[in-house]
Amino acid sequence: MKRLMQDEELSLYSLELFFATTSVLYDKGMGNAVTTFDLMVRDQPPHRNFMIAGGLEAVIQFLKNWKFSKDQVDFLLEKKRISKNYADYLRNVRFAGDVYAMPEGTAHFPGETMIRITAPLAQANIITDQLMGLVTVPRH
């Protein structure tokens, strides 16, 4: 499978707001609280009656390789988006959750969960934002 971006680029592909929020939650002792996030399509183009689930391989590849480089963590610290405490966490983070997903090729409709991530909050909040970028389809 050809990669669209290098793993390091995907890891930082998130709104800085998510890093800042998650850093505060981590520093408040909530980082290890297990949470569940569902990814779903809210609506679909008017000319479609259903959608077909696809791209799970890219999601699994992303989660298996999810990490942050020293430069990425330093960048977030310099921009004051994360605390030093959360920076230490990100330097060694690896995905430690569960993934539940529709099988490839499954027909689905708006509002149905396509992917469910259950993981520590310090990971799930960032990962879910990044996964939205992987599974979002532009409207035509």
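Trainee: Just checking my understanding: could you explain the pattern of salt bridges for this structure?
Mentor: This structure, assessed with the given rule, holds four salt bridges. A salt bridge links Asp 74 to Lys 70; its shortest N-O distance comes to 2.6 Å. One end of the pair is Asp 74 and the other is Lys 70, both in helix 4 (residues 70–78) and four residues apart, which spans about a single turn. Owing to a relative accessible area of 17%, Asp 74 belongs among the buried residues under this scheme. Salt bridges linked by common partners bring Lys 70, Asp 74, Asp 88 and Arg 91 together as one network.

Trainee: Would you mind going over the environment of Asp 71 with me for this structure?
Mentor: Tracing the chain through its elements places Asp 71 in helix 4. The exposure class assigned to Asp 71 is exposed, which follows from its relative accessible area of 61%.

Trainee: How should I be thinking about a nonpolar patch on the surface in this particular structure?
Mentor: Taken together, the side chains of Phe 50, Ile 52 and Phe 109 make up a nonpolar region of the molecular surface, amounting to roughly 300 Å² of accessible area. Along the chain, Phe 109 turns up in the loop between strand 4 (107–108) and strand 5 (113–120).

Trainee: Just checking my understanding: could you explain unusual backbone geometry for this structure?
Mentor: Glycine aside, the phi torsion of most residues is negative, and most peptide linkages are trans. In this structure, Lys 80 takes a positive phi of about 60° despite not being glycine. On the secondary structure map, Lys 80 appears in the loop between helix 4 and helix 5 (84–92). Relative accessible area serves as the criterion here: at 72%, Lys 80 is assigned to the exposed category.

Trainee: What exactly am I supposed to notice about helix 5 here?
Mentor: Working note: α-helix, 3.6 residues per turn, so residues spaced by three or four point in the same direction. Taken together, the buried positions of helix 5 are Tyr 86, Ala 87, Tyr 89 and Leu 90. The buried residues of helix 5 occupy an angular sector of 160° when the element is viewed end-on, so they sit on one face. In helix 5, the exposed residues that point more than 90 degrees away from the buried face are Lys 84 and Asn 92.

Trainee: Could you clarify how one ought to interpret the sheet that holds strand 5 in this entry?
Mentor: Strand pairing in a sheet takes place through backbone hydrogen bonds and is either antiparallel or parallel in direction. One open sheet holds the three strands; their spatial order is 1-5-3, and the pairing between them is antiparallel. This sheet does not close on itself; its edge strands, each paired only once, are strand 1 (34–40) and strand 3 (98–101). Between one strand axis and the next, the sheet turns by 15° as a mean value, whatever way the strands run.

Trainee: Help me out: how do you make sense of helix 2 (residues 16–27) in this one?
Mentor: Between the first and last C-alpha of helix 2 there are 17 Å, a value that for 12 residues agrees with the 16 Å anticipated at 1.5 Å per step. Burial in helix 2 covers these residues: Phe 19, Thr 22, Ser 23 and Tyr 26. End-on, the buried residues of helix 2 take up no more than an arc of 110°, which puts them together on one face. Note on helix 2: the residue one or two positions beyond its end, Gly 29, has a positive phi of about 85°.

Reading guide: rules and limits
Residues numbered from 1 in each chain as written. Predicted model: local features only at pLDDT ≥ 70, side-chain atom pairs only at ≥ 80, totals over all residues. Heavy atoms only, no water. Salt bridge = Lys/Arg side-chain N within 4 Å of Asp/Glu carboxyl O. Helix = DSSP H or I, 4+ residues; strand = E, 2+ residues; numbered from the N terminus. Buried < 20%, exposed > 50% of the residue type's maximum accessible area, 1.4 Å probe, protein only. Patch = residues over 30% accessible without salt bridge, like charges linked within 9 Å, V, L, I, M, F, W, Y side chains within 5 Å. Areas by Shrake-Rupley, 256 points an atom, 1.4 Å probe, with all protein chains shown as cover. Arc of directions from axis to C-beta. Pairing = 2+ DSSP bridges. Axes fitted to C-alpha atoms, helices over the stretch in contact; angles between N-to-C directions. Expected span 1.5 Å × (residues − 1).

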